[in-house]
Amino acid sequence: MEGVLERRAGFCGNKTGQRPVARQIKVFIVDLGMFKAVFPGSFDPPTLGHLNIIERASAVFDELIVVVAENKQKEYLFSADERLEMMQEIIKPCKNVTCTSWDSLVVDFLKQEGIRILIRGVRGMDDFSHEFELAMMNKALYPHIETLFISTESKYIVLRSSSIKELAAFHGDVSRMVPPVVVKALKGKFQ
Ligand code: ADP
């Protein structure tokens, strides 16, 4: 654990071999219980934009749990099992990432797992205003949590599950927008 933390704060080292800032960061991180994080979403279907957020979050945290949300009020193209199966395939190369589905409030999942960090991705101001409200609501429900936003990389800025489904419905090429397993699943839905 020490190694991981000191690598993260490696730039803080000094000539005496002591890393006072790293140690402060360690105390801070331990205090926040920040080693694990949760990335929840509908993932209907998962896109390369989602995968990019997963890869980047997993490089920061020791463990990342992707939570495939099942909201009874929402209509999905893919069932929770189908979305989970696709996600399981996609995260295979990421050794510190696991996924599960959840059909209740996301904050209840964090409570159950004793995790305090919730990751969300943002593509721009529209996303941000929605995500900001969501973060406020989640904080009100469970004050212990912190929502951290990861901004998309520019090449993924236009990737949106809803537009990808529309494109796939018209048999458009989505192979540069979603992982191969999702290309196949979309073809299966719209053939
Ligand atoms: P929701 O969970 O709101 O139904 P999604 O499943 O589409 O939405 O997305 C889950 C999370 O991933 C959200 O925080 C969303 O803003 C983010 N996200 C979606 N697409 C991208 C993208 N292309 N780049 C970065 N983040 C994204």
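Just above, that's the structure.
Residues numbered from 1 in each chain as written. Predicted model: local features only at pLDDT ≥ 70, side-chain atom pairs only at ≥ 80, totals over all residues. Heavy atoms only, no water.

Structural notes on the nonpolar core
Generally speaking, a soluble globular protein has its nonpolar side chains buried in company with each other. Grouped together as the largest cluster of nonpolar side chains are 19 residues, with contacts concentrated most on Phe 39, Ile 54, Leu 64, Val 66, Met 87, Val 97 and Ile 119. Only β1 (36-41), α3 (48-60), β2 (63-69), α4 (80-90), β3 (97-102) and β4 (117-122) provide two or more residues apiece to this core. Every residue in contact with Val 97, bar those within four places of it in the chain, is listed here: Ile 54, Ser 58, Leu 64, Val 66 and Ile 91. One finds Leu 51, Met 86, Ala 168 and Val 182 within the second-largest nonpolar core, a separate group that totals 13 residues. (Core = buried A, V, L, I, M, F, W, Y, C linked by side-chain atoms within 4.5 Å. Buried < 20%, exposed > 50% of the residue type's maximum accessible area, 1.4 Å probe, protein only. Helix = DSSP H or I, 4+ residues; strand = E, 2+ residues; numbered from the N terminus. Contact = heavy atoms within 4.5 Å.)

A closer look at the site of the ligand
Residues in close proximity to the ligand total 17 residues, the closest being Ser 42, Phe 43, Gly 121, Thr 152 and Tyr 156. Phe 43 places a polar main-chain atom, nitrogen or oxygen, 2.9 Å from an oxygen atom of the ligand. Take Thr 152: an N or O atom from its side chain is 2.9 Å from a nitrogen atom of the ligand. Protein contacts shield 89% of the accessible area of the ligand, which totals 540 Å² for the unbound molecule. Here the shell around the ligand is built from residues that sort into six nonpolar, six polar and five charged. (Near = heavy atom within 4 Å. Polar contact = N/O pair within 3.5 Å; in protein donor to acceptor, adjacent residues only side chain to side chain. Areas by Shrake-Rupley, 256 points an atom, 1.4 Å probe, with all protein chains shown as cover. Nonpolar A, V, L, I, M, F, W, Y, C, P; charged D, E, K, R; others polar.)

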